[in-house]
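Geometric and topological summary
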Amino acid sequence: MPSDLGNGIDGTEEALQKQILALTQPFNKSDEITFEELFNLEDIQKLQDEFASAAGIASIITHNDGTPITSPSNFCRLYNDVIRKTEKGKLNCFKSDAHLGRYNPVRAAGSGTPAHR
């Protein structure tokens, strides 16, 4: 049931307005746009879960610093229930996720050169 925000706009319309506003900001403000402003996290989690299951891979979406945005999908028990449960393991995962997900202009240009040396 739509929530009335006092201005006649329900939650879905408000989310859509925020997405449109975020996408129409000047390019120099793009770093201020969050993933959560653009996407419904429940929908993204379902999509990620289905993709990970269909492809037989583990998947997670993180912020630039490696902190998770979504819950892990299809992670093995050792990784999910042991390694990520310790403080050191969790911090190492965040560091690794941040490193793997960082922008690499060489890779983006399609040179075929590995991103990590």
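For the structure given in this document, a descriptive report is provided here. (Residues numbered from 1 in each chain as written. Predicted model: local features only at pLDDT ≥ 70, side-chain atom pairs only at ≥ 80, totals over all residues. Heavy atoms only, no water.)

Some details on the overall build of the protein chain
The helix and strand tally for the protein chain stands at six helices and zero strands. Listing every helix and strand of the protein chain by position from the N terminus yields α-α-α-α-α-α. Relative to its 117 residues, the protein chain shows a buried fraction of 18%. Relative to all contacts within the protein chain whose residues are 6 or more apart in sequence, the contacts with residues 24 or more apart total 26%. (Helix = DSSP H or I, 4+ residues; strand = E, 2+ residues; numbered from the N terminus. Buried < 20%, exposed > 50% of the residue type's maximum accessible area, 1.4 Å probe, protein only. Contact = heavy atoms within 4.5 Å.)

Some details on the pattern of salt bridges
This model, assessed by the stated rule, comprises two salt bridges. A salt bridge links Arg84 to Asp97, with the shortest nitrogen-to-oxygen separation between them at 3.8 Å. A residue pair is termed long-range when its members are at least 10 positions apart, and Arg84 in the loop between helix H4 (77-82) and helix H5 (87-101) and Asp97 in helix H5 qualify at 13 residues. Under the relative-accessibility criterion, Arg84 is labelled buried at 12%. (Salt bridge = Lys/Arg side-chain N within 4 Å of Asp/Glu carboxyl O.)

Some details on the packing of aromatic side chains
All chains considered together, the criterion is met by two aromatic pairs. Judged by centre distance (4.8 Å) and plane angle (40 degrees), the rings of Phe35 and Phe39 are tilted. (Phe/Tyr/Trp six-rings, centres within 6.5 Å; stacked < 30°, edge-to-face > 60°.)

Structural notes on the environment of Asn64
Locating Asn64 in the fold gives a position in the loop between helix H3 (41-55) and H4. With 38 residues separating them along the chain, Asn64 and Arg102 place their C-alpha atoms 6.9 Å apart.

Remarks on a nonpolar patch on the surface
On the surface, a nonpolar cluster with roughly 240 Å² of combined accessible area is contributed by Leu78, Val82 and Ile83. Looking at the secondary structure, you find Leu78 in helix H4. We classify Leu78 as exposed; its relative accessible area is 52%. (Patch = residues over 30% accessible without salt bridge, like charges linked within 9 Å, V, L, I, M, F, W, Y side chains within 5 Å. Areas by Shrake-Rupley, 256 points an atom, 1.4 Å probe, with all protein chains shown as cover.)

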